[in-house]
Amino acid sequence: MKINKQDILKALETISAPGDGQNMVESGAVTNVVTFADEVIVDITITNPSLQAKKKTEVDIMKTIHDIVYEKAKITVNVKVDAPTQSAPNVIKGKSIPGIQNIIAVASGKGGVGKSTVTANLAVTLAKMGFKVGVLDADIYGPSMPIMFDVELERPLAVTIDGKSKMRPVENYGVKLLSIGFFTKPDQAVVWRGPMAAKALNQMIFDAAWGELDFMLIDLPPGTGDIHLSIMQSLPITGAVVVSTPQNVALADAKKGVAMFQQESINVPVLGIIENMAYFTPEELPDHKYYIFGKEGAKNLSEDLKVPFLGQLPLVQSIREAGDVGRPAALQTATPLEQAFEKLTQNVVEEVVRRNDDLPPTEAIKITTMAGCSAVNKK
Ligand SMILES: Nc1ncnc2c1ncn2[C@@H]1O[C@H](COP(=O)(O)OP(=O)(O)O)[C@@H](O)[C@H]1O
Ligand SMILES: [Mg+2]
């Protein structure tokens, strides 16, 4: 049996593309078709990064070709997910960050609300969806990414690129990682001033061999102090995600967090709020939800502040355990937790897409270069 490429394209025209009423071929989703005897290779590019969407596209294509063209065709479907891109690359006053498309700051007003847990799980979920992901752990008060990614004993190695020595990020679970924790002793309470932290972070971005990244997530220190101003002002952040529990004291701090990003001298778009530890469901009572820290507090806050609500994560023992053993819970497959993380991550990606459609790239504000380090001009 020799399969004809035109027959394949005709068959694919019967599959509708999501949303716009066009079929898959018209919409440009089918980027290449190769046929060889009874084999067919179809390359597809989709914009919906969810695992279900990927799986569904694959299954639809296989079924259609088997039904319409040849029931014994050997089919390979390569699905590529199109990452949202900014209309111009990230730029810091003439200093571009080549290869890094979107930088997302993960922040919380209060410590201990699960900012790092959310960062780690967003990162592995993005990687599972096919994105190229890096995490920059900027939490000088308590860098926890090395533990959460089980790379505590590893250190970034030096590599030479174009004659320059660069740090190569450590990698696990398909995520590249640099942490301030790789450069400080674990039991050392680090007291850094804003400009020092900003300098260290600048080095971890510009003097590191990240390669191509669709997303870089930054786990910020908790709070809204000077150090945040320095970091925000020296990096071109695409958008910020604020994590809070539904509890009043956490919400009050989350509000300050949102206000910090929105203030004129920072002006980083807030992609939305994530409610962590939204409720507790005991394993033996899966239908029960206990609102330990209050109900929907963060959801209500997002409505008050008119910023998007990105979703809720339950308080689950396995999330904590997974963090402690260094294997983020979202890596589990076919569990309700995986689905929860996927939904959340998809919402974040959608907000990034919306933000990049609506707004120009964020520019870092006023920077003067002093002895190779970026210091912030305070007004
Ligand atoms: N949804 C959750 N369910 C259970 N434990 C959680 C959850 N989110 C965070 N934790 C646990 O709470 C503690 C604080 O979380 P962490 O991510 O370190 O917070 P932060 O970075 O905001 O200080 C950690 O022990 C973590 O494992
Ligand atoms: Mg943390």
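Preceding block: the structure.
Since the structure is predicted, the reported quantities are computational estimates derived from the model, not experimental observations. (Residues numbered from 1 in each chain as written. Chains lettered and ligands numbered in written order. Predicted model: local features only at pLDDT ≥ 70, side-chain atom pairs only at ≥ 80, totals over all residues. Heavy atoms only, no water.)

Q: Please clarify how the overall build of the chain should be interpreted in this entry.
A: A count of helical and extended segments in the chain gives ten helices and 17 strands. Classification of the 379 residues of the chain by burial places 50% in the buried group. Partitioning the intrachain contacts of the chain with sequence separation of at least 6 by distance along the chain shows that 73% fall at a separation of at least 24. When the accessible area of the chain is evaluated, it comes to approximately 18100 Å², of which 51% is carbon and sulfur surface. (Helix = DSSP H or I, 4+ residues; strand = E, 2+ residues; numbered from the N terminus. Buried < 20%, exposed > 50% of the residue type's maximum accessible area, 1.4 Å probe, protein only. Contact = heavy atoms within 4.5 Å. Areas by Shrake-Rupley, 256 points an atom, 1.4 Å probe, with all protein chains shown as cover.)

Q: How should I be thinking about the sheet that holds strand S7 (residues 133-137) in this particular structure?
A: Two pairing modes exist for strands in a sheet, parallel and antiparallel, and in both the strands are linked by backbone hydrogen bonds. Taken in spatial order, the eight strands make up an open sheet running S10-S11-S7-S12-S6-S13-S14-S15, and their pairing is mixed. Strands at the two margins of the open sheet, each flanked by one partner only, are strand S10 (170-172) and strand S15 (309-312). Each strand of the sheet is rotated relative to its neighbour by a mean of 25°, with strand direction disregarded. Helix H7 (residues 248-262) contacts strand S6 (100-107), strand S13 (239-244) and strand S14 (270-275) of the sheet and is inclined by roughly 170° relative to S13. In the packing of helix H10 (residues 336-358) onto the sheet, the strands contacted are S6, strand S12 (213-219), S13, S14 and S15, and the crossing angle to S15 comes to about 175°. (Pairing = 2+ DSSP bridges. Axes fitted to C-alpha atoms, helices over the stretch in contact; angles between N-to-C directions.)

Q: Explanation requested: the site of ligand 1 in the structure shown.
A: As a structural note, the neighbourhood of ligand 1 is formed by 15 residues, with Gly112, Lys115, Ser116, Thr117 and Pro314 the closest of them. Between ligand 1 and the protein, one listed contact pairs an oxygen atom with a side-chain N or O atom of Thr117 at 2.5 Å. For ligand 1, a nitrogen atom lies 3.0 Å from a polar atom in the backbone of Val316. Against a free-state accessible area of 560 Å², the protein chains account for coverage of 81% of ligand 1. Elements with a minimum of two residues in the shell around ligand 1: helix H3 (115-128) and helix H9 (317-325). It is H3 that provides the largest number of residues to the shell around ligand 1, a total of three residues. (Near = heavy atom within 4 Å. Polar contact = N/O pair within 3.5 Å; in protein donor to acceptor, adjacent residues only side chain to side chain.)

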